[in-house]
Amino acid sequence: MKIAIVGTSGAVGQEFLRVLDERNFPIDELVLFGSARSAGNVYEFRDKQYEVKELKHNDDFKDIDIAFVSAGGSVSVEFAETITKHGAIMIDNSSAFRMDKDVPLVVPEVNGDDAKVRPKGIIANPNCSTIQMVVAMNVIEKISHIKRAHVATYQAASGAGAAAMDELINQFKQIAYNTDVTVEKFAYQLAYNLIPQIDVFTDNGYTKEELKMYNETRKIMHSEIEVSATCIRVPVLRSHSEVIWVETDRPVSVEEAKAAFSKAEGVILQDNPAEKEYPMPLFAAGKDPVYVGRIRQDIANPNGLTLWVVADQIKKGAALNAVQIAEYLIKEKAI
């Protein structure tokens, strides 16, 4: 397997290197790509040094089997043809192709088979918040169809990249030393604060991030499920948290749900309120699974369940999901 990473210097690009190594992904040759600014940077992978090449419109992808791309939507759009024209599979982490009807949008635990049909040679990695939500909701969907879901997200600084994580750390330091607080990556100071806006607002009052969760969930789950989201940035470094209220065709008991989650692929059930055991972003950081807890009947809806879901945004919400897509293709001999 000849593998490429595009956008190596970013937070997700660096996570790709870690995840590929951790999972012993089969790589015979690795090629790293980046912007003109990143070109020449050297990274170590499995005891070898690799220099970042500048991404250009040429034939550098001629022998590449899989290209993991995380360099922003504009780069993905500009270079998609260059990356795929010789047969490379482009697994794209941006939002550029997610709603393209000819591009599968894939979470392997939910709709892995969709990755086998890729007319443009591109597979889209969903939005980070959507990924952990559909992994959890799919477990319930197998018990009883979900008609609608409401979700409130509590999204870490990592969702805005490495520079945003650095800014949050620096803000806490600046406040501790009573110096001016630097605000560049977010609209407001994030330290000791919550910001009820992720991405820009649209005409209906929802942000683009919130609409992604609506549209992407329906595409991934092949369902007309109605999803209403409110997305909030919180002063946490890594791992997004979500409260999800689902309404099913028939009542699903807490016991039924817990039994299903305890056996579900990619999920860890962590639900023992009496012992204060429940998922938290501090402890999910750097971990692979989607953690589910605080499962309870919705007292406002006889067909409702409420879930608390936590996952590392850079891992399962980005790099890990993309690598799992590639692993699925290899396992299914679909590459």
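Higher on the page you've got the structure.
None of the values given here were measured: they were computed from a predicted structure.

(A) Expanded view of helix α7 (residues 254-263). If you check which residues of α7 are buried, you get V254, A257 and F261. Buried residues of α7, seen end-on, are gathered within an arc of 65 degrees and therefore sit on one face of the element. Turned more than 90 degrees off the buried face of α7, the exposed positions are E255 and K263. The secondary structure elements touched by the buried residues of α7 are α4 (128-141), β12 (267-269), β13 (290-297) and β14 (304-311).

(B) Here's a closer look at the environment of V77. Assignment of secondary structure puts V77 in helix α2 (residues 73-84). Judged by its relative accessible area of 52%, V77 falls in the exposed class. Measuring from C-alpha to C-alpha, the distance between V77 and S95 comes to 10.0 Å, with 18 residues separating the pair along the chain. Look past the residues within four positions of V77 in its chain and what remains in contact with it is A96 and F97.

(C) Looking closely at unusual backbone geometry. Of note in this structure, D199 is not a glycine but carries a positive phi near 75 degrees. Positionally, D199 belongs in the loop between α5 (162-176) and α6 (208-221). D199 sits in the partly exposed class, given a relative accessible area of 32%.

(D) Just the pattern of salt bridges, in detail. With the rule as written, the count across this model stands at 25 salt bridges. Residue E109 pairs with K316 through a salt bridge whose shortest N-O separation is 3.0 Å. Taken together, the positions of E109 in helix α3 (residues 108-111) and K316 in helix α9 (residues 315-331) put the pair 207 residues apart, joining distant regions of the chain. We classify K316 as buried; its relative accessible area is 1%. With a shortest N-O distance of 3.9 Å, D271 and K258 are connected by a salt bridge. With a gap of 13 residues between them, D271 in the loop between β12 and α8 (281-284) and K258 in helix α7 connect regions that are remote in the sequence. It is possible to trace a salt-bridge network through shared partners that takes in E22, R23, D288, K315 and E327.

Rules and cut-offs
Residues numbered from 1 in each chain as written. Predicted model: local features only at pLDDT ≥ 70, side-chain atom pairs only at ≥ 80, totals over all residues. Heavy atoms only, no water. Buried < 20%, exposed > 50% of the residue type's maximum accessible area, 1.4 Å probe, protein only. Helix = DSSP H or I, 4+ residues; strand = E, 2+ residues; numbered from the N terminus. Arc of directions from axis to C-beta. Contact = heavy atoms within 4.5 Å. Salt bridge = Lys/Arg side-chain N within 4 Å of Asp/Glu carboxyl O.

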